[in-house]
Amino acid sequence: QKEVEQDPGPLSVPEGAIVSLNCTYSNSAFQYFMWYRQYSRKGPELLMYTYSSGNKEDGRFTAQVDKSSKYISLFIRDSQPSDSATYLCAMALAQGAQKLVFGQGTRLTINP
Amino acid sequence: KAGVTQTPRYLIKTRGQQVTLSCSPISGHRSVSWYQQTPGQGLQFLFEYFSETQRNKGNFPGRFSGRQFSNSRSEMNVSTLELGDSALYLCASSLYQAGELFFGEGSRLTVL
């Protein structure tokens, strides 16, 4: 069993829809949780960075962490075709740790 | 400001050969990490360097090695290539030991 599980999709939704992306994990020692976006033929770029349980909002993006359930989510409101990409969750044991454990990534397509 | 630069972008090798990949971090960044990305395993941590010292290593065989130079540029080497080493190798740099990872576009290795 992988330490971090993420549904690879693909997920296809119409423009303007609310998108929900999720990851579960098994290691309760994870403290820092991230979401990366990866466009085709590009490297991942950091979208959201959260510590422990709670919510964090940045524009159209909201990240949620529920440590009791070992479950994290990323919500995208008013989705745009430019949001079409692969979304990867990532986790770290310590602040600033460069060793991240990634989920498989979910391929998302927003249809105009 | 230039991003993380990886060379070569694409390369093809045959089993048993060795390969060296290069990474130039963002100017001023002293921390460099390497990841392997495959469709089956996703993104997996290889190793991390800071000030020419390997700080952390992932669960990869000894055929995978790396180093960092005094100018923070880094190289990774894979010896005795196997078919399963075909992957996208991503380099990421960080301004300091506890900072956001900025990824390059990767070097795509195909082993025949």
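Just so it is clear, the model here is predicted, and its values are computed rather than measured. (Residues numbered from 1 in each chain as written. Chains lettered and ligands numbered in written order. Predicted model: local features only at pLDDT ≥ 70, side-chain atom pairs only at ≥ 80, totals over all residues. Heavy atoms only, no water.)

As enumerated under the stated definition, the model contains twelve aromatic pairs over all chains in all. Their ring planes at 70° and their centres at 5.5 Å tell us that Tyr35(B) and Phe45(B) sit as a pair that is edge-to-face. Of the two residues, Tyr35(B) is situated in strand S4 (residues 31-38) and Phe45(B) in strand S5 (residues 42-50); the sequence distance between them amounts to ten residues. For the pair formed by Tyr35(B) and Phe45(B), the shared burial category is buried. Site record: aromatic cluster; members linked through ring pairs are Tyr36(A), Phe102(A), Tyr35(B), Phe45(B) and Phe103(B). (Phe/Tyr/Trp six-rings, centres within 6.5 Å; stacked < 30°, edge-to-face > 60°. Helix = DSSP H or I, 4+ residues; strand = E, 2+ residues; numbered from the N terminus. Buried < 20%, exposed > 50% of the residue type's maximum accessible area, 1.4 Å probe, protein only.)

In this structure the tally under the stated criterion is ten salt bridges over all chains. Connected through shared salt-bridge partners, Lys42(A), Arg9(B) and Glu105(B) make up one network. (Salt bridge = Lys/Arg side-chain N within 4 Å of Asp/Glu carboxyl O.)

In this section: the sheet that holds strand S7 (residues 64-68) of chain B. Residues and elements named next belong to chain B. Read across the open sheet, the four strands follow the order S1-S3-S8-S7; overall the sheet is antiparallel. Looking at strand neighbours, the two that pair on one side only are strand S1 (5-7) and S7, the edges of this open sheet. Ignoring strand direction, the axes of neighbouring strands in this sheet form an average angle of 15°. Pairing of S7 with strand S8 (residues 74-78) involves five bridges; the strand directions are antiparallel. (Pairing = 2+ DSSP bridges. Axes fitted to C-alpha atoms, helices over the stretch in contact; angles between N-to-C directions.)

Residue and element names in this part refer to chain A. In this fold, Ala90 is placed in strand S9 (residues 85-92). For the pair Ala90 and Tyr32, spaced 58 residues apart in the sequence, the C-alpha separation amounts to 8.4 Å. Ignoring sequence-local partners within four residues, the contact set of Ala90 consists of Tyr32, Phe33, Met34, Tyr36, Leu100, Val101 and Phe102. (Contact = heavy atoms within 4.5 Å.)

Our focus in this paragraph is the state of the cysteines. Scanning the entire structure with this criterion turns up two disulfides over all chains. A sulfur-sulfur separation of 2.0 Å characterises the disulfide bridge that pairs Cys23(A) with Cys89(A). Around the S-S axis, the bridge from Cys23(A) to Cys89(A) shows a dihedral of about -100° and counts as left-handed. You can see Cys23(A) sitting in strand S3 (residues 19-25) and its partner Cys89(A) sitting in strand S9, a full 66 residues away along the chain. Here Cys89(A) falls in the buried class, since its relative accessible area comes to 0%. One disulfide in the model links Cys23(B) with Cys91(B); its S-S distance is 1.8 Å. Residues Cys23(B) and Cys91(B) are joined through a disulfide that is left-handed, its torsion about the S-S bond being -65°. Of this pair, Cys23(B) sits in strand S3 (residues 19-24) while Cys91(B) sits in strand S9 (residues 87-94), placing them 68 residues apart in sequence. (Disulfide = S-S within 2.5 Å.)

We now examine the nonpolar core. Residue and element names in this part refer to chain A. One finds Val4, Trp35, Ile72, Leu74, Ile76, Tyr87 and Met91 to be the most contacted residues of the largest nonpolar core, which totals 25 residues. Counting only elements with at least two residues in this core, the list comes to S3, strand S4 (32-38), strand S5 (45-51), strand S7 (61-66), strand S8 (71-76), S9 and strand S11 (106-111). With sequence-adjacent residues up to four places away left out, Met91 is seen in contact with Val4, Cys23, Tyr25, Phe30, Tyr32, Phe33, Met34, Ile72, Lys99, Leu100 and Val101. (Core = buried A, V, L, I, M, F, W, Y, C linked by side-chain atoms within 4.5 Å.)

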